[in-house]
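# Per-entry structural report
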Amino acid sequence: MTRRSLSAACAATAVIWGGATFAEISPADIVWEDEIAIPASLSGTPGDPVAGAVTVSSRSAGNCLSCHQNTAMPEHDFQGNIGPSLDGSGARWSEAELRGIVANAKRVFPESMMPVFYNDNPEDYIRPGEAYTARAYNPETFSTLLTAQQVEDVVAYLMTLTDW
Amino acid sequence: MKTMTKLWATVAICGAMLSSTAFADPHPDAELIIEGELHIATRAEPPEHLGGVLPEIYSGWLFRTDETRELQMDDFDNPGMLFAERGEDRWELAEGTANQSCADCHGDVESMAGVRAVMPKVNENGELWSMQNYINNCRTERMGADAWGWNSEPMKDVTSLISLQSRGMPVAVKIDGEAAEFWEKGREMYYTRFGQLELSCANCHEDNWGRMIRADHLSQGMSNGFPTYRLKNASIVPLHQRFRGCIRDTRGESFAEGSQEFRELELYVSSRGLGLPVEGISVRQ
């Protein structure tokens, strides 16, 4: 088995396994509380803050540092300052509120520049593209910017940011 | 309510942090002087139609690093000049069934002074054309030659050469009369939040110029520097290619280079820079 097909097989297994075990909450089924909070886990699996840190800093995943500074990640230079610093977000917001912000910031901060990370409906966008190719989106593959588990991981990581 | 209080707390902290960092501004006093003699203004009064959304308008040059800015101050160091030099040869080259060159009809390329400053403009048939459209019209209708691709090498060479003839002349696109309807559409586009990231041109270039988006220092997204030599591409980047890149970065579906939409956007973006001098061939990162 080549390396490529091996990793494809692993990914497929993970999906099947994940789907069989937990009932993931799809973007359309999110239940909001107090307008801005999502009390229930989106994936059913507790978030992993270590994986969350990777998602926050990775350009191909959350790319949160393109807009936010985070002094807990001094190893990443080029942190943006479009939004407020992430420092202390775990002290300012509850877990449910952070889930709301990461899943759909525009609900929490109307008109925000922060992208909606958990919405898979292409109809909600103007000329959505196929990732960063500048081409039209593919209805077969259009998906949320972060998976349910990635949202949980990011929230778990943000909860560790209590100093500011 | 709760949201607002918490957010204001961060905004206050953030504001205190920002005011102590100089990178948030365009360069406060750099002057663009080419070859030690040609002074090109990089700041100007904003045009009235902007209604005060920008306190002053700035060339993208002011947002670049010392090294990048210096490259544009010396024509020998400016790699874009090689394109204009090749453009001179093409200007003289007879082509097509008419076996004529640009020079046969237009004479010295200096006759093109001022042309770049008013592009795009409405042609005699009421269509909004960019410089590339005018050039291709001469090629296909007058010379009997093939049209050049929008981003092709010959098009880059000749648009660079023609733009250079307007270096230092203020952008003076017409936005009223027949141009008004195109301008309106371009304006609407500028404020449309494209792509899965739902970002408009204004989100980055009007609301956040001076800030950092990852490693990029956001400028006001002015077009007076185009065509631009981009170090990253090691080539001339035409304005529509830049538009495409900016829309791609919203995870959006771009319009085609040369499309009606991009010509309208070109007109509107140019009008935000009314009064800023054409930089001919600028250098950007």
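It should be emphasised that the depicted structure is a prediction, and the values quoted were computed from it without experimental measurement.

Basis of the calculations
Residues numbered from 1 in each chain as written. Chains lettered and ligands numbered in written order. Predicted model: local features only at pLDDT ≥ 70, side-chain atom pairs only at ≥ 80, totals over all residues. Heavy atoms only, no water. Helix = DSSP H or I, 4+ residues; strand = E, 2+ residues; numbered from the N terminus. Buried < 20%, exposed > 50% of the residue type's maximum accessible area, 1.4 Å probe, protein only. Contact = heavy atoms within 4.5 Å. Areas by Shrake-Rupley, 256 points an atom, 1.4 Å probe, with all protein chains shown as cover. Patch = residues over 30% accessible without salt bridge, like charges linked within 9 Å, V, L, I, M, F, W, Y side chains within 5 Å. Salt bridge = Lys/Arg side-chain N within 4 Å of Asp/Glu carboxyl O. Lys, Arg positive; Asp, Glu negative; His and termini not counted. Charge placed at Lys NZ, Arg CZ, Asp CG, Glu CD. Pairing = 2+ DSSP bridges. Axes fitted to C-alpha atoms, helices over the stretch in contact; angles between N-to-C directions. Domains from an automatic or database assignment. Buried area = accessible area lost by both parts, 1.4 Å probe. Polar contact = N/O pair within 3.5 Å; in protein donor to acceptor, adjacent residues only side chain to side chain. Nonpolar A, V, L, I, M, F, W, Y, C, P; charged D, E, K, R; others polar. UniProt positions renumbered as here; feature names shortened; annotations may be inferred.

## Quick word on the overall build of chain A
Broken down by element type, chain A carries 6 helices and 0 strands. For chain A, the sequential pattern of α-helices and β-strands runs α-α-α-α-α-α. Counting only residues that meet the buried cut, chain A has 45% of its 164 residues in that class. The long-range share in chain A, meaning contacts at least 24 apart out of those at least 6 apart in sequence, stands at 54%. As displayed, chain A offers around 8600 Å² of accessible surface, 57% of which is attributable to carbon and sulfur atoms.

## Topic: a negative patch on the surface
Residues and elements named next belong to chain B. A surface patch of negative charge is lined by Glu85, Glu88, Asp89, Glu92, Asp104, Asp108 and Glu110. Among the elements that line the negative patch, the one with the most residues is helix H3 (residues 81–92), at 4 residues. Among the secondary structure elements, Glu92 is positioned in helix H3. Residue class for Glu92 comes out exposed when judged on its relative accessible area of 54%.

## A word on the sheet that holds strand E10 (residues 235–237) of chain B
All names here are of chain B. Judged by pairing direction, the sheet is mixed, and its 3 strands sit side by side in the order E10-E9-E11 without closing on themselves. Pairing within the sheet leaves two strands with one partner each, and these edge strands are E10 and strand E11 (282–284). On average, each strand axis in the sheet is tilted by 40° relative to the strand beside it, whichever way the strands run. As paired strands, strand E9 (residues 228–230) and E10 are joined by 3 bridges and run antiparallel to one another. Bridge assignment links Thr228 to a residue of E10, and that residue is Val237.

## A word on the pattern of salt bridges
Enumeration according to the criterion identifies 16 salt bridges over all chains in this entry. Of the charged contacts in the structure, one is a salt bridge between Glu152 of chain A and Arg99 of chain A, with a shortest N-O distance of 2.9 Å. Highlighted residues: Glu152 of chain A in helix H6 (residues 148–159) and Arg99 of chain A in helix H4 (residues 95–103), separated in sequence by 53 residues. A relative accessible area of 4% places Glu152 of chain A in the buried class. Each of Arg86, Arg90, Glu153, Lys156 and Asp157 of chain B takes part in salt bridges that share partners, so that together they form one network.

## Concerning the domain arrangement of chain B
Residues and elements named next belong to chain B. When cut into domains, chain B gives domain 1 (44–76 + 169–284) and domain 2 (81–164). If you average the C-alpha positions of domain 1 and of domain 2, the two centres end up 22 Å apart. Each partner contributes to the interface: domain 1 provides 30 residues, whereas domain 2 provides 25 residues. For the pair domain 1 and domain 2, the summed buried surface comes to about 2200 Å²; carbon and sulfur atoms form 63% of the total. On the domain 1 side of the contact with domain 2, Ile236, Arg263 and Ile281 bury the most area, a combined 24% of that side's loss. The interface formed by domain 1 and domain 2 contains 0 salt bridges.

## Focus: the interface of chain B and chain A
Listed by partner, the interface residues are 36 residues for chain B and 44 residues for chain A. Carbon and sulfur atoms supply 58% of the area buried between chain B and chain A, which totals about 3700 Å² over both sides. Our count for the chain B to chain A interface comes out at 2 salt bridges. Put simply, Glu198 of chain B and Lys106 of chain A hold a salt bridge, and the shortest N to O gap is 3.8 Å. Inspection of the region where chain B meets chain A yields 12 residue pairs in polar contact (both at pLDDT 80 or more). Counting only elements with at least two residues in the side of chain B that touches chain A, the list comes to helix H1 (2–19), helix H8 (201–205), strand E7 (212–213) and helix H9 (239–248) of chain B. The element best represented in the side of chain B that touches chain A is H1 of chain B, accounting for 10 residues. Each residue belonging to the side of chain B that touches chain A can be placed in one class, and the counts come to 16 nonpolar, 9 polar and 11 charged.

## Section: the UniProt feature "binding site: heme c 1" (unreviewed entry) in chain B
All names here are of chain B. Cross-referencing UniProt, the feature "binding site: heme c 1" (unreviewed entry) maps to Cys102, Cys105, His106 and Cys138 in the present numbering. Spanning 37 residues, the named residues nonetheless gather at one spot, since no C-alpha pair among them exceeds 10.8 Å. Of note, Cys102 is situated in helix H4 (residues 102–106). A residue is classified by how much of its surface remains accessible, and Cys102, at 15% relative accessible area, is buried.

## Regarding the UniProt feature "domain: Cytochrome c" (unreviewed entry) in chain A
UniProt's entry tags residues 47–162 of chain A with the feature "domain: Cytochrome c" (unreviewed entry), counted in the numbering of this structure. In this annotation, residues 47–162 of chain A is assigned 33% helix and 0% strand; the end-to-end C-alpha distance for the span is 17 Å.

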